[in-house]
Structure formats: C-alpha cells, structure tokens
Amino acid sequence: MNAAPSIVTLGAHVLDTIVQPVDEIPEGQGSLLVDEIVMSAAGPAGGTALVLNKLGARVVTSGAVGDDVAGRVLVGLLGDAGIDVSNLRTDELPTSASVLPIRSDGSRPALHVVGANALAADVVPWDALAAADHVHVGAPELLGPENVIEILEYARRHGATTSLDFLIGGDPAFYALIKPLLAHTDYVLPNAEQAIGWTGADDLPAAARALHAAGAAVVACTNGGDDIVVVDGGALEFVPIVPAEPVDTSGGGDAFSAGFVFAKLRGWSSRDAARFGSATAAQVVAGVGTDHGAYDAASIDALLSAGVL
C-alpha cells in the first residue's frame, strides 16, 4: 500500500501520568525528587493511534472520555498530534486514567481508573469503519463480545483487516471474553502473560498455537525481552526482538501493535511485521510516554536496513 493507510482505533483511551524514576515510595508524607512527570495519551486504542499517526497512517480514533479536565487533556493530546478525535464521545463517567511510577529499569506498577472506557461501544463510527483499510480494537474485553464481533464483521465486510489488543491480565476466567472474538479478526496481539494465562498452556508457543486453533488467523505474542512468537497459517516462528534500552515500557505493547499493523498493511510477512513492530516499540520505550520519539516508517525502515536495530 503506497498511500497513507486509513485506520480506525476503537476502544480504550487512557490519560497516563508518568513519574520517572520511582524505585521506592516515601513513607508517610515524605517527598521524592524525580527527573520527569509527563502526561501522555495512552491505552490500546489511544496509544496505538498515536504511534500509527507517527508512522504515517491517517487515524480516526473512537471511544469515550469523561466530561472532566483529564478528558479535555486527553482529547487535546490526541487532536494536537493530528488524529481525528471527532468520534471520542463525552460521558458523565470519569476519564480513564493511570498513574505510572516508572522504576529505573523501565518496569512499572500501575494505578488505574477504568472510567468511561466501559462505554466505548455505545457509539460506533460505522461510516469511518466502512471507509477504513484497517480497524484496531483495543481492550475488546471492555466492550462486550457481541458488540466487538459486530464491529469486526462490519469492518471486514467493507474490506478492512482487523486486529485485537488487550488490557486485562492472564486470569483464565477472562478467556471467556476473548475466545469468541478470535475467529472474527485477522491479527491477535497479546503479551505472553495474557496468552499463557488465558489458555492454560505450558509455554508461549503452545499458547500461541492454542489461540490460533481457536480461530485467530495470525497470532503475534510479545514476551518482554525475549523472542516474539508468531503463528501464521499454522506455522510457528520465533522473531528476535529489536534491542532497546528501556526508560519507560508502558507504551511498548501499543507501539508493537501499531508497528505490526502498519507493516501488514504494506503487505509484509507476519515475521517481518513483528520485527517492524519491535523496532517501533524500541523507539517508544527509549523515553517517557507513548508519544515519545521522533520517528516515522521511513526512519525505522532505514535503521532496519542498515542493521542499526
């Protein structure tokens, strides 16, 4: 695909407040001097939209935010980046938000409010879905299986490819929310903890195969600093990650999803798409916030071709 692809991201939008570095919380009313406090749009719909936009896609994002300061900031951050935010509805529930104290090694706990994300399926931009090249549903577990299946099938009938990424953890009880969706999408993009936990598999390759057997056409599972596991057409591959020195890993999964989807729209193999997704994530985790990094698809191509990444 030579023209900039048209992509809809639908689902969870989160306002992240990121504090770095925080290796311990002071006791009582103690204080701690830190290097950065950054606010960033995030979430598997909002964060993925940010990265897709940087790569060169035309992005419409859809979901729900609160009628509050956090919602206005979140919509402003996305709109200022050049993303179409006209389908972000406002509701009386609070805006979904997280506070992320980032440790020196890049890992982070999360303090999170779900808020208005639970309403993301209430208003779906059907016209935008019909015109899209790709539809990415972030946190489908919040939208309800029937709603997500309707969205995915509508998009596919109108010629779009589709993908799923998730917020929930790997509790096996959550698989009932995920499994019905797998046969209705093209790319399923969980992390290792999610895939293994949901399926009860002994290891990540077995988990990826189980998701594929349940109906997912392509499964690409990230695994922290280890190889990405990809199953496409029944064939399993281990794809080496692009090395990175992480400062903040909070946006890495969304960046991988964006890079993978963008590369697939260019006609790339799933293995090469996973490599491109990893290279994209390496740009994002090198700084604070999902919006970190000055890159585009051409710059990542050049780095990969030169063997820099």
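No experiment lies behind these values; they were computed from the predicted model shown.

In this section: the overall build of the protein. In terms of regular secondary structure, the protein is built from 10 helices and 13 strands. For 309 residues, the compact-globule estimate of 2.2 N^0.38 gives 19 Å, and the C-alpha radius of gyration of the protein, at 18 Å, lies within 12% of that figure. Along the longest, intermediate and shortest principal axes, the C-alpha atoms of the protein span 55 × 45 × 40 Å. Looking at the 309 residues of the protein, the share that counts as buried comes to 50%.

Tracing the backbone shows Asp-16 in strand β2 (residues 14-20). Here Asp-16 is buried and forms no salt bridge, its nearest opposite-charge partner Arg-108 lying at an N-O distance of 7.0 Å. Excluding residues within four positions of it along the chain, Asp-16 makes contact with Val-38, Met-39, Ser-40, Ala-42, Ser-98, Leu-100 and Ser-250.

Attention shifts here to a negative patch on the surface. Negative charge collects at one region of the surface, where Asp-23, Glu-24, Glu-27 and Asp-105 lie side by side. Mapped onto the elements of the fold, Asp-23 is located in the loop between β2 and β3 (36-42). Judged by relative accessible area, which is 53%, Asp-23 ranks as exposed.

To continue, consider the packing of aromatic side chains. All told, the structure shown has 6 aromatic pairs when counted by the stated rule. Plain terms: the ring middles of Phe-256 and Phe-260 are 6.0 Å apart, the flat faces sit at 35 degrees to each other, and that makes the pair tilted. Here the residue Phe-256 and the residue Phe-260 both occupy positions in helix α8 (residues 252-265), the gap between them amounting to 4 residues, near one helical turn. Neither residue differs from the other here; Phe-256 and Phe-260 are each classed as buried. Consider the rings of Trp-268 and Phe-276, whose centres lie 5.3 Å apart with planes at 80 degrees: the pair is edge-to-face.

Within the open sheet, the 4 strands sit side by side as β3-β2-β6-β7. Their pairing is mixed. Taken across any chain shown, the strands that pair with only one partner, and hence form the sheet edges, are β3 and β7 (111-113). Averaged over all neighbouring strand pairs, the angle between strand axes comes to 15 degrees, with direction disregarded. Taken strand by strand, helix α2 (residues 69-80) contacts β2 and β3, and its axis lies near 75 degrees from that of β3.

We now examine the sheet that holds strand β13 (residues 235-239). As summarised here, the arrangement of the 9 strands in space is β5-β4-β1-β8-β9-β10-β11-β12-β13, forming an open sheet in which the pairing is mixed. Looking at which strands have only one partner, the edges of the open sheet turn out to be β5 (84-91) and β13. Sheet topology places strand β8 (residues 134-138) next to strand β9 (residues 161-165); 5 bridges connect them, and they run parallel. Following the sheet pairing, Val-135 is matched in β9 by Thr-162.

For the pair helix α9 (residues 270-285) and helix α10 (residues 297-306), the least separation of the axes is 10 Å and the interaxial angle reads 110 degrees. The angle between the axes of α9 and α10 places the two elements in the roughly perpendicular class. Counting all contacts with α9, which are made through Arg-275, Phe-276, Ala-279, Thr-280 and Gln-283, the residues of α10 involved are Ala-297, Ile-300, Asp-301, Leu-303 and Leu-304. Residue composition of the contact of α9 with α10, grouped by class: 6 nonpolar, 2 polar and 2 charged.

Summarising the element assignment, Thr-162 is placed in strand β9. For Thr-162, a relative accessible area of 0% gives the class buried. Sequence-distant contacts of Thr-162, that is, excluding residues within four places in its chain, are made with His-134, Val-135, Leu-152, Ala-155, Arg-156, His-184, Thr-185, Asp-186 and Tyr-187.

The rules behind each value
Residues numbered from 1 in each chain as written. Predicted model: local features only at pLDDT ≥ 70, side-chain atom pairs only at ≥ 80, totals over all residues. Heavy atoms only, no water. Helix = DSSP H or I, 4+ residues; strand = E, 2+ residues; numbered from the N terminus. Rg over C-alpha atoms; globule rule 2.2 N^0.38 Å. Buried < 20%, exposed > 50% of the residue type's maximum accessible area, 1.4 Å probe, protein only. Lys, Arg positive; Asp, Glu negative; His and termini not counted. Salt bridge = Lys/Arg side-chain N within 4 Å of Asp/Glu carboxyl O. Contact = heavy atoms within 4.5 Å. Patch = residues over 30% accessible without salt bridge, like charges linked within 9 Å, V, L, I, M, F, W, Y side chains within 5 Å. Areas by Shrake-Rupley, 256 points an atom, 1.4 Å probe, with all protein chains shown as cover. Charge placed at Lys NZ, Arg CZ, Asp CG, Glu CD. Phe/Tyr/Trp six-rings, centres within 6.5 Å; stacked < 30°, edge-to-face > 60°. Pairing = 2+ DSSP bridges. Axes fitted to C-alpha atoms, helices over the stretch in contact; angles between N-to-C directions. Parallel < 35°, antiparallel > 145°, perpendicular 65-115°, else oblique. Nonpolar A, V, L, I, M, F, W, Y, C, P; charged D, E, K, R; others polar.

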